[in-house]
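# A closer look at the structure
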Amino acid sequence: MDLIEALRTTGSAREFTDQAVDDATVNAILDDARFAPSGGNRQPWRVAVVKDLTVRRQLADLMTSVWQEYLGQETDSTRAPFAFGRSTGAPPVAAPNGLLDNIEQVPVVLAVAADLNKIALMDGDVAGRPPITGGASIYPFGWSVLLAARARGLGGVMTTFLSRAETQAAPILGLPEGHALVATIFLGQPVHQNTKLRRGQVSDFTTIDRFDGEPLR
């Protein structure tokens, strides 16, 4: 697939057919994704391919609780739920989530962890907000997994719900000490590959010289 086409047409897929994805394909996807950049080329990622249906259900139950809490936070249109990692204290909202409700049928479930000893938090001492720069060493890998899947006619989505339940999920997954759960990636043959994506224009988010400068057009 042409690189530009892949960049402009890789949307999130949350519904999959019952077509299986074999281990050789998963291995090939990860083999391509491992070339993602990371700070110091330390490659801090660890991946667990979750096949056990009991484990999947345990993880889904944890993520469902977070999903419902997430929905309950959507009361302020000016900020994302859990902005700055904080809850507003709003009650959870019970609602179906096809991906989690049917996790046993998802062809591929990947739990992705990061070795924090291999990640430099350049903004770790910035007062007044949580650090975020460490993600630069791990999320390009997750995106590369999705692009490598797209190149093989598959689709998927990267979620972070499980990270909020890391304490409970860690023993279930055997998370090594000093590691953080950073994503759960779901892959498969999508029921519908969404390729008509809606995004803001460059001038909506790009300015000259300063963030309050003139838009780049």
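Preceding block: the structure.
### Here we look at the environment of Glu15
The topology assignment puts Glu15 in the loop between helix 1 (3–9) and helix 2 (23–33). Each C-alpha atom of the pair Glu15 and Tyr70 lies 20 Å from the other, and the pair is 55 residues apart in sequence. In this structure Glu15 touches Gln189, Pro190 and Val191, once residues within four positions along its chain are discounted.

### Things to note about helix 3 (residues 53–72)
Here helix 3 is 20 residues long and its end C-alpha atoms lie 28 Å apart, about the 28 Å a rise of 1.5 Å per residue gives. Near the N-terminus of helix 3, the side chain that reaches the backbone nitrogen of Thr54, with its oxygen 2.8 Å away, is that of Asp52.

### Details of the packing of helix 2 against helix 5 (residues 139–151)
At a closest axis distance of 8 Å, the pairing of helix 2 and helix 5 adopts a crossing angle of 130 degrees. On the basis of the axis angle, helix 2 is oblique to helix 5. Note on packing geometry: the crossing formed by helix 2 with helix 5 is right-handed. Where helix 2 abuts helix 5, its residues Ile29, Leu30, Asp32 and Ala33 lie against Phe141, Ser144, Val145, Ala148 and Ala149. Among the residues making up the contact of helix 2 with helix 5, the classes are represented as seven nonpolar, one polar and one charged.

### A short note on the side chain of Thr10
Its location among the elements puts Thr10 in the loop between helix 1 and helix 2. There is a polar contact of 2.5 Å between the side chain of Thr10 and the backbone oxygen of Ala6. Non-local contacts of Thr10, meaning those with residues more than four positions away in its chain, are made with Trp143, Leu146, Leu147, Arg150 and Leu197.

Cut-offs used in this document
Residues numbered from 1 in each chain as written. Predicted model: local features only at pLDDT ≥ 70, side-chain atom pairs only at ≥ 80, totals over all residues. Heavy atoms only, no water. Helix = DSSP H or I, 4+ residues; strand = E, 2+ residues; numbered from the N terminus. Contact = heavy atoms within 4.5 Å. Expected span 1.5 Å × (residues − 1). Polar contact = N/O pair within 3.5 Å; in protein donor to acceptor, adjacent residues only side chain to side chain. Axes fitted to C-alpha atoms, helices over the stretch in contact; angles between N-to-C directions. Parallel < 35°, antiparallel > 145°, perpendicular 65-115°, else oblique. Left-handed = near helix turned anticlockwise from the far one by under 90°. Nonpolar A, V, L, I, M, F, W, Y, C, P; charged D, E, K, R; others polar.

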